[in-house]
Every structure is written in structure tokens, then in C-alpha cells.
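Remarks on the overall topology
The lines below spell out each chain.
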Amino acid sequence: QLWQVEAGKELVVYCSSPRSNPRPAVPGEYEPFRGFLEGQSKAELRPDSQGLVRGGPAAIGDARAVVCHGWRSSPPSASAREAAQAAAKDGRWAGVVEVARLAYPNVRVALVSGCCGARLPGARVAADGEAFGVSGPGGEAVVCGLRVGDHVIEAAHTLCREGMKVPLSVRSAATCSVKVKLSAKRLRFVCVAAP
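Residues numbered from 1 in each chain as written. Predicted model: local features only at pLDDT ≥ 70, side-chain atom pairs only at ≥ 80, totals over all residues. Heavy atoms only, no water.

Notes on helix H2 (residues 78-90)
One turn of the α-helix equals 3.6 residues, which is why residues spaced by three or four share an orientation. The condition that has to hold: Helix and strand assignments follow DSSP, with helices taken as H or I runs no shorter than four residues and strands as E runs no shorter than two, numbered in order from the N terminus. To estimate how far a helix should reach, multiply one less than its number of residues by 1.5 Å. Here, residues are in contact when the closest pair of their heavy atoms is within 4.5 Å.
With 13 residues, H2 extends 19 Å between its outermost C-alpha atoms, agreeing within 8% with the 18 Å of an ideal straight helix rising 1.5 Å per residue. Considering only its buried residues, H2 is in contact with helix H1 (57-61) and strand E7 (97-103). With its phi angle positive at about 80°, Gly91 sits one or two positions after the end of H2.

As C-alpha cells, then:
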């Protein structure tokens, strides 16, 4: 039986035997897992509405990935594979086992010049008011982990202190890239020549 719990920016998936532990003691508000296990042949093994999976421990041992809409997929943990192998040998599942941790989708954000598209170094990037970092010396993008849904991306730079805000809709777990364009109209020029 598979369960899921949101913990911070992760979806933690647990497994327990419905015979030995029908209501597992896992942290937080758990509910039956709404995703599926992807087998080596890419076949999908979907749990029912109660999180029950056909195939027993072998289903987890044979899974290539744990998948759930809106979250990045992950291979089953080593401890889940070991528990599945042990259960296949002696027929008993060992309590509650963490199967995988699925993370928010990644969004790569870069501040670029509006004229030529050059990436600007030192841009401070935030999403929905949460700071995610500063672009690198070559203008490398800042990676933000964002939940599927609507967001506001903010990029600020010494050339534009008030920053730029753009709306963004994350629709899937696939990594996406966003280029925030700094308009020439918003630039401040300072003369550094000697008088």
C-alpha cells in the first residue's frame, strides 16, 4: 500500500503492508498515493483509490521510477528496494518504508538584456517573494523549485534596482527556462568620465 505526504517542497512516498499496518504512522497528513510506479518496460502500475498496488513487494523492486503529476519523478530508494527484496524472500513487509522523495519542478531563470539577449551576471532572482539566488559571473540561470501553478518571477539588478516582474505558469514537472528581459528604457546610465 502506497501513501504520500507533502513535506516542505517534497512529496514523500511511503509503503506499508495493508495486512500488518493498515494505517501507518507516518509524519504529517498522509493520503493514498495518487501517482504510479513506472516499470522497467515503462509500463504504469497505478494504485487504486486506497493506495493498494497489485504485485506485492516485487512491484517496488521492479520499478524504474515513482511518478506523480506536478512532481519530478524519482527512482525508488535503496531502502525500499532492500525491503522489497527481503519481503520477496520471507513474505513479510518491514513496517513503513520510505519509497521516494519527489521534488517540485525546476524553473531556470535568467535576466537578459532586451536588446541582444545577453545574460546579465549578478541578478537577484525570487519567485513569489522567496529569494532563490544570484546569477553567476557568466549570467548563469538561477534554478527555482516551484510547485505546478501560477507564480510571479522577480529579477533585480544594479542596472534596474526596482526589478522586473513577470508572471509564470508552471504546468508540468518538466524543467523550463524563463528569460526576464531588461528593457533599455529601464536602464540607468552613470557617467564615470573625469570632468
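Brief notes about the packing of aromatic side chains
Just so we agree on the cut-off: Classification of ring pairs rests on two measures: the distance between centres of Phe, Tyr or Trp rings, Trp counted by its six-membered ring, which must be within 6.5 Å, and the angle between planes, read as stacked under 30 degrees, edge-to-face over 60 and tilted in between. Here's how the labels work: a residue is buried when its accessible area is under 20% of the maximum for its type, exposed when over 50%, partly exposed in between, all with a 1.4 Å probe on protein chains only.
Counted under the stated rule, the structure contains two aromatic pairs. Ring plane angle 85° and centroid distance 5.1 Å describe the contact between Trp3 and Tyr30, whose orientation is recorded as edge-to-face. Placement of Trp3 in strand E1 (residues 2-7) and of Tyr30 in the loop between strand E2 (10-15) and strand E3 (31-32) is noted, with a sequence separation of 27 residues between them. What makes Trp3 buried here is its relative accessible area of 3%.

Some details on the side chain of Ser135
This is how the line gets drawn: Nitrogen and oxygen atoms within 3.5 Å of one another constitute a polar contact, given that in protein one can donate a hydrogen and the other can accept it, and given that sequence-neighbouring residues count only through two side-chain atoms.
Checked against the element boundaries, Ser135 lands in the loop between strand E10 (130-134) and strand E11 (142-145). For Ser135, a relative accessible area of 6% translates into the label buried. Of the polar contacts made by the side chain of Ser135, one reaches the backbone nitrogen of Gly122; its length is 3.0 Å. A distance of 2.8 Å separates a polar atom in the side chain of Ser135 from the backbone nitrogen of Ala123. Contact partners of Ser135, with chain neighbours within four places excluded, come to Leu120, Pro121, Gly122, Ala123, Glu140 and Val142.

A closer look at unusual backbone geometry
A positive phi angle, near 55°, is found at Asp128, a position not held by glycine. Mapping Asp128 onto the fold places it in the loop between strand E9 (124-127) and E10.

Some thoughts on the sheet that holds E2
Just so we agree on the cut-off: Should DSSP find at least two bridges between two strands, the strands are taken to pair.
If you trace the four strands from one edge of the open sheet to the other, you get E3-E1-E2-E7, paired in antiparallel fashion. Edge positions in the open sheet fall to E3 and E7, since each of these has one partner strand only. Where E2 meets E7, six bridges bridge the pair, whose relative direction is antiparallel. Its bridge partner lying in E7, Val12 is registered against Arg101.

Side note on the side chain of Gln4
Looking at the element boundaries, Gln4 is found in strand E1. At 3.0 Å, the side chain of Gln4 forms a polar contact with the backbone nitrogen of Arg34. Apart from residues no more than four positions distant in its own chain, Gln4 is found in contact with Leu11, Val12, Val13, Glu29, Tyr30, Glu31, Pro32, Phe33, Arg34 and Cys68.

Considerations on the sheet that holds strand E12 (residues 149-157)
To be explicit about the condition: Each axis is a line fitted through C-alpha atoms, and for a helix only the stretch in contact is used; angles between axes span 0 to 180 degrees, taken between their N-to-C directions.
Strand order in the open sheet made by the four strands is E10-E9-E12-E13, with antiparallel pairing throughout. Two strands lie at the open edges of the sheet, namely E10 and strand E13 (160-170), each paired on one side alone. Within the sheet, the average angular offset between the axes of one strand and its neighbour, ignoring direction, is 25°. As defined by bridge partners, E12 adjoins E13 across eight bridges and the pair is classed as antiparallel. Residue pairing in the sheet places Gly149 in a bridge with Val170 of E13.

Describing the nonpolar core
Rules: The term nonpolar core refers to a set of buried residues drawn from Ala, Val, Leu, Ile, Met, Phe, Trp, Tyr and Cys, joined through side-chain atoms within 4.5 Å.
Ranked by internal contacts, the top residues of the largest apolar core, which has 22 residues, are Leu2, Ile60, Val66, Trp93, Val99 and Leu102. For this core, the secondary structure elements donating two or more residues are E2, H1, strand E6 (63-67), H2 and E7. Other than its neighbours up to four places away in sequence, Val99 contacts Leu2, Val13, Tyr14, Cys15, Ile60, Val66, Pro75, Pro76, Ser77 and Ala80. Counting 19 residues, the second-largest nonpolar core is a separate cluster that includes Ala127, Cys144, Met164 and Val178.

Concerning the environment of Ala80
Among the structural elements, Ala80 can be located in helix H2. Look at Ala80 and you get buried, because its relative accessible area is 0%. Note: C-alpha distance between Ala80 and Pro57 (23 residues apart in sequence) is 9.2 Å.

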